[in-house]
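Spelled out, the chains give:
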Amino acid sequence: MDHRGLKEGEGSNQGEGEVSKRTTARFKCCLRCKALLTSQANICPNCKSSDFTFDWNGLVVVFDPETSVIAKVLNITKPGRYAIKCR
Ligand SMILES: [Zn+2]
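Conventions adopted
Residues numbered from 1 in each chain as written. Predicted model: local features only at pLDDT ≥ 70, side-chain atom pairs only at ≥ 80, totals over all residues. Helix = DSSP H or I, 4+ residues; strand = E, 2+ residues; numbered from the N terminus. Buried ≥ 20, exposed ≤ 12 C-beta atoms within 10 Å, placed from the backbone. Core = buried A, V, L, I, M, F, W, Y, C linked by C-beta atoms within 7 Å. Contact = placed C-beta atoms within 7 Å. Pairing = 2+ DSSP bridges.

Positive phi outside glycine occurs at K34, with the angle close to 70°. Residue position: K34 is located in the loop between strand 1 (27–30) and strand 2 (36–38). Classification of K34 as buried rests on a count of 23 C-beta atoms within 10 Å. We note that N75 has phi near 65°; this positive angle belongs to a residue other than glycine. You can see N75 is positioned in the loop between helix 1 (69–73) and strand 5 (80–86).

One finds C29, C30, C33, A35, L36, C44, F52, W56, Y82, A83 and C86 forming the largest nonpolar core, which totals 11 residues. Every element with two or more residues in this core is listed here: strand 1 and strand 5. With three residues, strand 5 is the single largest residue contributor to this core. Discounting chain neighbours no more than four positions away, the residues touching C30 are A35, L37, C44, N46, C47, S49 and F52.

Right, let's get into the sheet that holds strand 3 (residues 52–53). With antiparallel pairing, three strands are arranged side by side in an open sheet as 2-1-3. Looking along the sheet, the strands with just one partner apiece sit at the ends: strand 2 and strand 3.

The next thing to look at is the environment of R87. Examined against the element boundaries, R87 turns out to sit in the segment after strand 5. On the neighbour-count criterion, R87 (9 C-beta atoms within 10 Å) is exposed. Separated by 30 residues in sequence, R87 and N57 place their C-alpha atoms 9.1 Å apart. In this view, R87 contacts T53 and D55; residues no more than four positions away in its chain are not counted.

So, on to the pairing of strand 1. Sheet topology places strand 1 next to strand 2; three bridges connect them, and they run antiparallel. Across the sheet, F27 pairs through a bridge with T38, a residue of strand 2. The antiparallel pairing of strand 1 with strand 2 creates a hairpin that spans five residues between the two strands, and K34 there sits at a positive phi of about 70°. Pairing geometry for strand 1 and strand 3, over two bridges, is antiparallel. If you follow C29 over to strand 3, its bridge partner there is T53.

The structure is reproduced here in structure tokens:
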């Protein structure tokens, strides 16, 4: 008998690629300033807009807009949570 069976990753490959809880899905994005607000918010505290979308991508947290490069790129002037893509 010359039969070789290949055995790979016996039981060691479990639990990989698990998606963590999608907490970001609970935020909505302000169409005007890209601020991320909780779904309960009715008006954006940043720009007073009430146009929101749940269709956004990429979360960025800005603590200090004056020194943050990301804040400059995204035109963010106030600290907070923002979406990178928002439509
Ligand atoms: Zn806004």
